[in-house]
Amino acid sequence: GQFASGIAHNFNNVLAIVLSNVELAAREAPAVATPLAHAREAALQAVSIVRELMLLSRAPPRVDRKRLDPRQVVRRAVAFCRTTFDRAITVNEEIPEAALAIEGHESQIEQCLLNVLINARDAVSGPRDREARIDVRLSTHADAHDGIVRVEVSDTGDGMDEAVRARIFEPF
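Quick caveat: nothing in here was measured; it's all calculated off a predicted structure.

About the cut-offs
Residues numbered from 1 in each chain as written. Predicted model: local features only at pLDDT ≥ 70, side-chain atom pairs only at ≥ 80, totals over all residues. Heavy atoms only, no water. Helix = DSSP H or I, 4+ residues; strand = E, 2+ residues; numbered from the N terminus. Expected span 1.5 Å × (residues − 1). Buried < 20%, exposed > 50% of the residue type's maximum accessible area, 1.4 Å probe, protein only. Pairing = 2+ DSSP bridges. Axes fitted to C-alpha atoms, helices over the stretch in contact; angles between N-to-C directions. Contact = heavy atoms within 4.5 Å.

I keep staring at helix H4 (residues 106-124) and nothing clicks. Help me out?
The α-helix advances 3.6 residues per turn, and as a result positions three or four apart in sequence lie on the same side. Under the 1.5 Å per step criterion, the end-to-end length of H4 is 27 Å for 19 residues, consistent within 8% with the ideal 27 Å. Listed in full, the buried residues belonging to H4 are Glu 106, Ser 107, Glu 110, Gln 111, Leu 113, Leu 114, Asn 115, Leu 117, Ile 118, Ala 120 and Val 124.

If you want it as structure tokens, here you go:
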């Protein structure tokens, strides 16, 4: 139940990106190339998620970690958000100029970041008396060894009520 719900949540997030970009491409014919590229990337993520589901149903999943630059993952996620979120929401990014390298599973990292960004979007949506803003900051951890970075996401939402805070660490 809860596991399936979590999988559906992740899959729906990816599909929302695909559908939003396809709709944007249909509305803005001159800008077809970029939105369709975003749609393609999201579809590739969906394929990756389905592959992981298939692995889970047969045996423990094998995570293929590789060396990657997290700046690309953050930029791609922010770009998706800028094209799919309400235009009234400002999405800022602070990313170091120097290349960074970590070991990880790129699509899983991107999916986690997208989930957090979608939660931030939900927190700043609706009638407000202040700017709807999401800030994403990528930095190296001050006390860490090579290969550890920090991604911080903050928003101008009201925060979580007590009922939500009580369940924050429950899966899905």
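Can you help me understand the sheet that holds strand S4 (residues 132-140) in this one?
Two pairing modes exist for strands in a sheet, parallel and antiparallel, and in both the strands are linked by backbone hydrogen bonds. Spatially, 3 strands are ordered S2-S4-S5 in an open sheet, and the strand pairing comes out mixed. Strand pairing shows two members of the sheet lacking a second neighbour, strand S2 (89-94) and strand S5 (149-155), which therefore form its edges. Strand-to-strand twist of the sheet, defined as the mean angle between neighbouring strand axes without regard to direction, takes the value 10°. As paired strands, S4 and S5 are joined by 7 bridges and run antiparallel to one another. What sits directly across from Asp 135, in S5, is Ser 154. Against the sheet, helix H3 (residues 70-84) engages S2, S4 and S5, with an angle of about 170° to S2. Lying on the sheet, H4 is in contact with S2, S4 and S5; it crosses S5 at an angle near 15°.

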